[in-house]
Amino acid sequence: MTCFVSEQWNKMHHNGLTLLFVGITGAGKSETGNTILGRRAFNAHDENTTFEDIGIECCKYKGISLKLVDGPGFPDCATGDLFQRFISKIGATLGHGVDVFIFVWKYGSGFSMENREILTLLKKNFGSDFLRNFCVFLTTYGDYYELEHKEKKSFSEYCSNLVGPQKELIEECRGAVLFDNRTGDVNVKERQMKSLLYLIGKKISHRRSPAFKIPSEFKIVSI
Ligand SMILES: Nc1nc2c(ncn2[C@@H]2O[C@H](COP(=O)(O)OP(=O)(O)OP(=O)(O)O)[C@@H](O)[C@H]2O)c(=O)[nH]1
Ligand SMILES: [Mg+2]
């Protein structure tokens, strides 16, 4: 597996790679951020999180500069109001844009209406190709996955057997990565980071546009 996000790419992009986590409450956004950072910087389960609160932390992974942006969970974004505030805040804070949106889903939690609403909102507001161009699908609770698949069914095999909206999402995002945020095994940590950077790199190299910039006069189109 070749990593497309090379040190050479890194030198050409002075801001590094900006990754924004999105997903419903409790999906594991903050914890995934901490796993990537290798330290506990984001608050997992911070009850004071509001839709204007975003956390930004930077790190280097094998020479690649990463800027991680942790957002709040989406409890009820169908009204569009929360989404409007969140996206406006992102636009005001990240002037250079977002390279890749990481859509986080908790393994085994079912693919709820809330999950689907976030994706619909993103596509409706940012275009039908948005997921294809800017979104990576990341599944947390890799430890639960391993427990349930003791026969060692690979995650990609599992994904290819899925049906319905989740399968469509994985196809649109061109693959998915499994993350175990509880593991202490350095090999597992290395493997999941490699898979994530592979998907990110593929995304960046396949699309024509650079980072995604939030329009300055962003007005939400509700679903
Ligand atoms: N066992 C296990 N627990 C995890 C994993 N990832 C996250 N968790 C736990 O799941 C809970 C929710 O994780 P968070 O990272 O707070 O979820 P979040 O998406 O940031 O939630 P909000 O900020 O409320 O939207 C926490 O208790 C985490 O420690 C994982 O891979 N395995
Ligand atoms: Mg969080």
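Residues numbered from 1 in each chain as written. Chains lettered and ligands numbered in written order. Predicted model: local features only at pLDDT ≥ 70, side-chain atom pairs only at ≥ 80, totals over all residues.

With respect to the overall build of the protein chain
A count of helical and extended segments in the protein chain gives nine helices and six strands. Classification of the 223 residues of the protein chain by burial places 35% in the buried group. For the protein chain, contacts bridging at least 24 residues in sequence account for 77% of all contacts bridging at least 6. (Helix = DSSP H or I, 4+ residues; strand = E, 2+ residues; numbered from the N terminus. Buried ≥ 20, exposed ≤ 12 C-beta atoms within 10 Å, placed from the backbone. Contact = placed C-beta atoms within 7 Å.)

Quick word on the site of ligand 1
The environment of ligand 1 is made up of 21 residues, and the closest members are Gly28, Ser30, Glu31, Ala44 and Gly73. Where the shell around ligand 1 is concerned, the elements lending two or more residues are α2 (29-37) and α6 (142-148). For the shell around ligand 1, the leading source of residues is α2, giving three residues. Along the lines of polarity and charge, the residues of the shell around ligand 1 split into five nonpolar, 11 polar and five charged. (Near = placed C-beta within 6 Å. Nonpolar A, V, L, I, M, F, W, Y, C, P; charged D, E, K, R; others polar.)

Observations concerning helix α4 (residues 113-126)
Owing to its 3.6 residues per turn, the α-helix brings residues three or four apart onto one side. Taking 1.5 Å per residue, 14 residues should reach 20 Å; α4 reaches 20 Å between its end C-alpha atoms and fits that length. Buried within α4 are the following residues: Asn115, Ile118, Leu119, Leu121, Asn125 and Phe126. Projected onto a plane normal to the axis of α4, the buried residues spread over an arc of 155 degrees and lie on a single side. Tucked inside the fold, the buried residues of α4 contact β1 (17-22), α3 (81-93), β4 (100-106), α5 (130-134) and α8 (164-173). (Expected span 1.5 Å × (residues − 1). Arc of directions from axis to C-beta.)

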